[in-house]
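Observations on the model geometry
Read off the chains here:
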Amino acid sequence: MSAIPIWSGFLTPVLEVLTDGQIWHKRDLHTAVQDHLGLTDDQRAEMLQSGQRRADNRIGWALSALYRAKLVDKPARATFVITDAGRALLAANPTGITAKILQALPAYRNHTPASAATANAGTAPAAPVVEDEVDPLEQIESGVGRLHAEVAADLLERLREQHPDFLEQSVLDVLVAMGYGGTEGRATRIGGSGDGGVDGVIDQDPLGLERIYVQAKRYAANNTVGRPEIQAFVGALHGVGAARGVFITTSAFTSGAREYAHNIGTRVILIDGERLAELMIRYGVAVQTRQTFIVVEVDEDYFE
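Scoring rules and cut-offs
- Residues numbered from 1 in each chain as written.
- Predicted model: local features only at pLDDT ≥ 70, side-chain atom pairs only at ≥ 80, totals over all residues.
- Heavy atoms only, no water.
- Buried < 20%, exposed > 50% of the residue type's maximum accessible area, 1.4 Å probe, protein only.
- Helix = DSSP H or I, 4+ residues; strand = E, 2+ residues; numbered from the N terminus.
- Pairing = 2+ DSSP bridges.
- Expected span 1.5 Å × (residues − 1).
- Arc of directions from axis to C-beta.

Next up on the list: the pairing of strand 5 (residues 200–203). Here strand 5 shows two buried faces, one formed by G200 and I202 and the other by V201 and D203. As judged from the three bridges shared by strand 4 (residues 187–189) and strand 5, these two strands associate in the antiparallel manner. The partner of T188 across the bridge, within strand 5, is V201. Where strand 5 meets strand 6 (residues 211–217), four bridges bridge the pair, whose relative direction is antiparallel. When the sheet's bridge partners are listed, G200 is paired in strand 6 with V214.

And the structure:
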């Protein structure tokens, strides 16, 4: 087993390095943290099968968790700085910050909405499963679940930071990737002033005889979409003679909004932020495959 601390063992060292208040580039920060811990050259050179250095991987997990808990911030791409909350937590825990302490923070728990999928997968990011009694396949599935939950949270945060036009195009990209738009993948963004409450349209056939209209709302996590917004969208659909539409938001829908969409004659599908991020991951929109694992087992039929 590696002598390098597990990911949670890097939480305190990362914050201690960042206490100088400077904005650190990711690469320099990784080096400084390893220097701070006094890792040997051999420890720094340890590699994972993926080709990534073990220490860098674990520092990356620690930074991701600290960012999720709002203990560090990212002023720009691949840069980090400590927050006031990070300083306070470090001062309150002189013996060190553990994963349990981190996961008890409201900011950490509320980083992404809870769901059955993420609940089954565990809270992300979290320490890799190391218990010997856990089936190896379960370890892989649990790890993938944690990674996907963290990516989903990051996707939603990035979408909320972009211009509304970016979200409108992104949701069309997702729907086309799902197979909507026919063989030609015809999707047009029509958002902007005078859009009549419709941000995009997808032609299901070359002639545009079958169309799906789309509305996209870039909302903060705590700004839910209510019934009035859905009613307005339905009105916009009627205005263009449409019988079906998709309403997508980076936040969530109130129960009243969902009940209204379920009971009206017009077919309206509601996709909240959690579901949107899940679809982006599943259909490869704005994400890239980092590594693929092949799980094998003995073919019993071969020996019969």
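A word on the sheet that holds strand 2 (residues 72–73). Taken together, the three strands give an open sheet; going across it, the order is 1-3-2, and neighbouring strands pair in antiparallel fashion. Both edges of this open sheet fall to strand 1 (24–25) and strand 2, since each of them pairs with a single strand only. Pairing between strand 1 and strand 3 (residues 79–82): two bridges, direction antiparallel. Among the inter-strand pairings, W24 is bridged to a residue of strand 3, identified as F80.

Turning to helix 11 (residues 227–239), a few remarks are in order. Between the first and last C-alpha of helix 11 there are 18 Å, a value that for 13 residues agrees with the 18 Å anticipated at 1.5 Å per step. Among all positions of helix 11, only I230, F233, V234, A236 and L237 are buried. Along the axis of helix 11, the buried positions cluster into a sector of 155°, meaning they face one direction only. Turned more than 90 degrees away from the buried face of helix 11, the exposed residues are P228, A232 and G239. Where helix 11 ends, the next residue or the one after it, G241, has phi of about 70°, a positive value.

Time to look at helix 2 (residues 26–37). Compared with the 16 Å implied by 1.5 Å per residue over 12 residues, the 17 Å span of helix 2 between its first and last C-alpha is a close match. Of all the positions in helix 2, only L29, H30, A32, V33 and Q34 are classed as buried.

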